[in-house]
Structures are given as structure tokens and as C-alpha cells.
Amino acid sequence: MTSSVSRSRGVFPVVALSAFIDAIRDSGYRSPAHALAELVDNSLEAKAHSINITIQDDPQTGVGQVRVIDDGCGMPPSTLQLALQFGGSTRFNERTGTGRYGMGLPCSALSQARRVDVYSWQSPSQTWWTYLDARTIASGSCVQIPAPKRAPVPLPAHSPSGTVVVLSDCDRFDRSPLVAGDITNNLGRIFRRVLIGGASVSVNGEPIGPVDPLFTAAHHKIVQGTPYGPTLEFRIRAPLGTTSTVRVRFAELPVRTLHVLSNAEKAGAGITKGAGVSVVRAGREIDYGWYFMGSKRKENYDDWWRCEVEFEPVLDELFGLTHTKQRVNPTRELAAVLVPHVEPIARVLNRRVREAFQQVRSPQHDSNASRRAQSRDNQLEPPHTTRRSRNGSAAEPDNAGITGLQYRTLRSSMGESELFNAELVGRVLTMTVNTDHAFYEQLLAPLMRQRVVRTSEAMAPLELLLLAYCRAETSLRHKADKRIAHHLRKQWAEALNAYVG
Ligand SMILES: Nc1ncnc2c1ncn2[C@@H]1O[C@H](COP(=O)(O)OP(=O)(O)OP(=O)(O)O)[C@@H](O)[C@H]1O
Ligand SMILES: [Mg+2]
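Residues numbered from 1 in each chain as written. Chains lettered and ligands numbered in written order. Predicted model: local features only at pLDDT ≥ 70, side-chain atom pairs only at ≥ 80, totals over all residues. Heavy atoms only, no water.

### So, the pattern of salt bridges
Next, step 1: The tally for this structure, following the rule as stated, stands at 28 salt bridges.
Next, step 2: Between E308 and R193 there is a salt bridge; the shortest N-O distance is 2.6 Å. You can see E308 sitting in strand β13 (residues 305–311) and its partner R193 sitting in helix α8 (residues 192–196), a full 115 residues away along the chain.
Next, step 3: We classify E308 as buried; its relative accessible area is 2%.
Next, step 4: Owing to a relative accessible area of 29%, R193 belongs among the partly exposed residues under this scheme.
Next, step 5: In this structure, a network of salt bridges that share partners links the residues R189, R192, R193, R249, E285, E308 and E310. (Salt bridge = Lys/Arg side-chain N within 4 Å of Asp/Glu carboxyl O. Helix = DSSP H or I, 4+ residues; strand = E, 2+ residues; numbered from the N terminus. Buried < 20%, exposed > 50% of the residue type's maximum accessible area, 1.4 Å probe, protein only.)

Written as C-alpha cells, this is what we have:
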């Protein structure tokens, strides 16, 4: 209404508020976690030690409500009003911390909710409150940030100073359990440095742990990354005149111990779909993507190595930071410095992963169980075999009685139908265990949780059980028997899948 009156008098406000508020709600945060990260940024800049995020239904309306509660320094009324203004900041264009645009609080809050209330106090007895309501702004009935008023903190107990940001009428905040896990995981990764440094961030009372995509921090139980080479340092001249250092480091994930995980376990452990560079600004991750790789395309093997590029805010222009702090758009000038170093290392790491996979997939990859079975095989009747070896030479059943069979155990993703299969070629019996079968997942997952990383030892009794079966099956003489055995093995695996899956 206001804007049409203004236009009729030939006055065009720079911002047409009613349209602006709807447009700014579509700022495009990647996920609820990325929007919440702006509020966590503010709490951390206010020197909060403890940040508690609660996600629940508003008891009165039944609609989602999110609160971010911190024990930081709080705000006086003048700052509180500034805090909710688009472009309002006490650190506009500063390059010392995470915030610099004066957009984070109102923009992220209204991207998820129609209303945001902020309560802040610098002493327990004096709490100030104000709010923004997208609907009253869109209707033209609110054109200014309401003057802060005294109000009780909406919490039973609170710290000597602090701030509570309440997002209500959350029409865009996805609260499904899947997203809740996603929030914890994303915030854990975005704020890993401060979490490792001792800051406490929790969601509905559950503390968020640091998530290091390079897996070099000690807290990762299943995956342990190994730094590859020294950290590279590039002194770069910032547009503001100073110079600043960009640090690039790489890590490799352990293919030899973890290739045995099933697809679900790899995904759960954060291995699959993890290829890329974590871009860290002022100690906080602002993007994760395929950057500085030149012409190298992303492949599945690239899940098994990681890279982190770290810079300080004085280099924002070169990294092409966006105000939602979740994406970079590196300039050509910056790429010209980093790509000639990062791309060749990326290619080397890809090759190393490829080679590691070739080694573990090679028949020479003996497990403890297969070595043991091999050492005892000469106590058994040699199997009758008429098969020819892969290179076409005749099989040698006669010798098998003296030296016994050679055993190989492989693990491979084979879909869900079989637990394992067996193949006797010449004197070599190869058993391939299916890492996708539910039984394998159920057996391995608890072992991994107990930090039994040397899975080949832990798996030995099961492998021997299966190898004995394979030995029996491959000893069958007639094709019809073999067909029945194969059918039986499939039926058995299917029943087992149904029981434990
Ligand atoms: N939890 C908080 N505790 C204390 N002050 C806060 C808090 N949240 C916001 N503020 C104040 O509100 C201002 C605006 O916050 P906002 O996130 O919108 O912008 P910013 O942090 O300055 O910059 P950016 O847009 O880059 O995040 C901040 O500059 C800060 O002074
Ligand atoms: Mg901010």
C-alpha cells in the first residue's frame, strides 16, 4: 500500500518493501542447517560458549518453532534493532570474523519462518525484545523495525548475558528426522573447528560433534584419514592491499581397510559422495565442492581422498563470497594460483586410490581365513574338477591332493540376492562375499562400532564357515548337482536376508 501511494506521488523508494520481503525469503540457503549456521555464526561472534538449538512444534499453533539460545555478550536495545535490519550490522565490511554484511540474521530467519523474535540481555534483569513479521511487512503495515521493549526471556533459566532468536510460523523449515540428522551433520562439519576447540552446540539437547571431511581429527571412529604431503601455503595479495595466506591440505582415506564396507556403511561413514574441497573461511566452512581441479573430472575414486582450502576474509573478493556464506565463486586470478598445484595432486591421489583398489581386488589379496583354509586343505579329498583355468591350461586335480587348493577371499558389492559365491578355477578356489547382503552389514557394522578395524581377523570365523561350504559346493561332480547347490545357496541367502534385513 505504501509503495503505491509513493509511486502515485512520483516517489520510488529504493526498496519496494512488500515485494522485497517475499523475494528475500527466497535467498536460497542450501538447507535448514545452512540457514541456522548464520545464527550460530552470530552467537559465536558474541563469544558464546554454549549454543542450544531447539526444534519443536509451537505449543499454541502446532506449527514448527526453532530457537537458537546463546550465552554470548547479548545486545543493548540499539544493537537489537540494528540486528533485525537488512544491512544492519555492528561489523559492516569488517574482515576479522565471519560476519560482514548485516544480512545473516534477518535473511536466514525469514528464509525458514514467517516471523522472527529476538530477545537479548546484557544483565539478567534487563531483557529487550523486538521482532520482524514477514506478513505485516508484506501488507505494508510494518515499515520499521519495532522499537525494542522490555520482556521476559522465554526460558525458565538463562545465563548472565545472551540472546534467544525464535523462528516461528516456520513454513519452510523441514523437520523430518532425516533433515534433523542432516542438520547435525552439516553443522558439525561447518563448525568443526570451533567444536574441536571446545564450543558447545546442541540440537534439542543432543551435543553436535565435529565432522571432519578429511577424517584427520582424532574423534572419527571408523574412518581415519592420513594427511597427504605437507600443507601448501600461498601468499596472496588481497584486493584491500594486504597479503594473506591460503592454506591447502590433502588427506587420503584408508582403501585397504574400508573397501570392505557395504555401500550403506560407506554412505553412513561419510565416504561416498564426499569427493571435493572443503572451503574454510575464518575457521568456518563456507562451501564444499569441486573447486580448483582444472580439467580433472570428478570420479567415484575421488571419494577416497579429500582437500581443504582455508582463507581469511580479506580474500573474500578473490573467493567470490556470497552474503549467504554458503558458496564461493573463485576468480580466475585465484584459480591461476591454485589450480596448477591442486590439479596435479588431485590426479596423483586419484591414481593412488585406483591402485589401492586394484591391489585389494587382486586375487593375491589373501585373508587370514583363506590362508588358514589353504594350509589345511591337503587333509581333504581333492575335488574332482574338469574346469579349465582362466588362461586356458588344463586344470591339475592330481597335484591338488599333495599341495591342496589355493584359497582367495574377495569382498564385493553384488546386489542383495546372494551372500557369497564360489568359483573353482584350476586349483584356485575363490569365494566372493557380498558386502550388500543384510547379514554382512549386520555382522560388520557392530564390529566397526567396536573399532575392530582389522576386519579380516574379525571376519575369519565367518569366512572359514563359508569357505567350507564353498569347498563342498565346488567339489560337486555333476552339473545338475551344481545347479541345485547354486539354487539352494540363493534360497538360503534370500531367507537369511529376510530374517536379518
Ligand atoms: N546472537 C547475537 N548476539 C549478539 N549480537 C548479535 C547476535 N546476533 C546478531 N547480533 C548483532 O546483530 C548484527 C546483525 O547480525 P547479522 O547476522 O544480520 O549481520 P552480521 O553478522 O553483522 O553480518 P552477516 O550478514 O555477514 O552475518 C550483528 O552485527 C551483531 O551486532
Ligand atoms: Mg551474522
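### A look at the site of ligand 1
Next, step 1: Taken together, 22 residues sit near ligand 1, with S89, T90, R100, M103 and G104 positioned nearest.
Next, step 2: Separating an oxygen atom of ligand 1 from a backbone N or O atom of R100 is a distance of 2.7 Å.
Next, step 3: A distance of 2.7 Å separates an oxygen atom of ligand 1 from a polar atom in the backbone of M103.
Next, step 4: Out of a free accessible area of 590 Å², ligand 1 has 97% covered by protein chains.
Next, step 5: Residue assignment for the shell around ligand 1 shows that the elements contributing at least two residues are α3 (32–45), α4 (77–83) and α5 (104–112).
Next, step 6: Among the residues making up the shell around ligand 1, the classes are represented as seven nonpolar, 10 polar and five charged. (Near = heavy atom within 4 Å. Polar contact = N/O pair within 3.5 Å; in protein donor to acceptor, adjacent residues only side chain to side chain. Areas by Shrake-Rupley, 256 points an atom, 1.4 Å probe, with all protein chains shown as cover. Nonpolar A, V, L, I, M, F, W, Y, C, P; charged D, E, K, R; others polar.)

### Examining the environment of R297
Next, step 1: As for its placement among the helices and strands, R297 is situated in the loop between β12 (284–289) and β13.
Next, step 2: You can call R297 exposed: its relative accessible area is 70%.
Next, step 3: Sequence separation between R297 and R411 is 114 residues; the distance between their C-alpha atoms is 28 Å.

### Notes on the nonpolar core
For soluble globular proteins, the rule of thumb is that nonpolar side chains tend to be buried together.
Next, step 1: One finds I53, V246 and F319 to be the most contacted residues of the largest nonpolar core, which totals 90 residues.
Next, step 2: Tallying contributions element by element places helix α12 (residues 332–361) first for this core, with 11 residues.
Next, step 3: Leave out the neighbours within four places in its chain, and I53 touches L36, V40, V66, R67, V68, L187, V201, S202, V203 and N204.
Next, step 4: In this structure, F420, A460, L462 and C470 belong to the second largest nonpolar core, which totals 20 residues. (Core = buried A, V, L, I, M, F, W, Y, C linked by side-chain atoms within 4.5 Å. Contact = heavy atoms within 4.5 Å.)

### A closer look at the state of the cysteines
Working definition: the covalent bond between the sulfur atoms of two cysteines is a disulfide.
Next, step 1: In total, this model carries zero disulfides according to the counting rule given.
Next, step 2: Among the cysteines around C107, which has no disulfide bond, C170 carries the closest sulfur, lying 15 Å off.
Next, step 3: The class of C107 is buried, set by a relative accessible area of 1%. (Disulfide = S-S within 2.5 Å.)

### Details of the confidence of the model for the protein
Next, step 1: Mean pLDDT over the protein: 86, with 90% of residues reaching 70 or higher.
Next, step 2: Ignoring residues within four places in sequence, the model shows residues 1–6, a span with pLDDT below 50, making five contacts including any to other chains.
Next, step 3: Across residues 386–401, where pLDDT falls below 50, the model places 25 contacts with residues more than four positions away in sequence or in other chains. (pLDDT = per-residue confidence, 0-100.)

### Topic: the packing of aromatic side chains
Next, step 1: Taken as a whole and judged by the stated rule, the model has 13 aromatic pairs.
Next, step 2: With centroids separated by 6.1 Å and ring planes inclined at 20°, the aromatic side chains of Y469 and W492 adopt a geometry described as stacked. With Y469 in helix α17 (residues 460–474) and W492 in helix α18 (residues 479–500), this pair connects stretches of sequence that are 23 residues apart.
Next, step 3: By relative accessible area, which is 28% here, Y469 ends up partly exposed.
Next, step 4: A residue is classified by how much of its surface remains accessible, and W492, at 39% relative accessible area, is partly exposed. (Phe/Tyr/Trp six-rings, centres within 6.5 Å; stacked < 30°, edge-to-face > 60°.)

### Here we look at unusual backbone geometry
Trans is the prevailing form of peptide bonds, just as negative phi is the prevailing case for residues other than glycine.
Next, step 1: Phi is positive for A282, which is not a glycine, with a value near 50°.
Next, step 2: Relative to the assigned elements, A282 resides in the loop between β11 (277–281) and β12.
Next, step 3: Relative accessible area serves as the criterion here: at 23%, A282 is assigned to the partly exposed category.

### Some thoughts on the pairing of strand β1 (residues 50–57)
Next, step 1: By the bridge criterion, four bridges tie β1 to strand β7 (residues 200–203) in an arrangement that is parallel. Pairing of N52 across the sheet is with S202, part of β7.
Next, step 2: Between β1 and strand β2 (residues 64–70), which follow one another and run antiparallel, lie six residues, and G62 among them has a positive phi close to 80°. (Pairing = 2+ DSSP bridges.)

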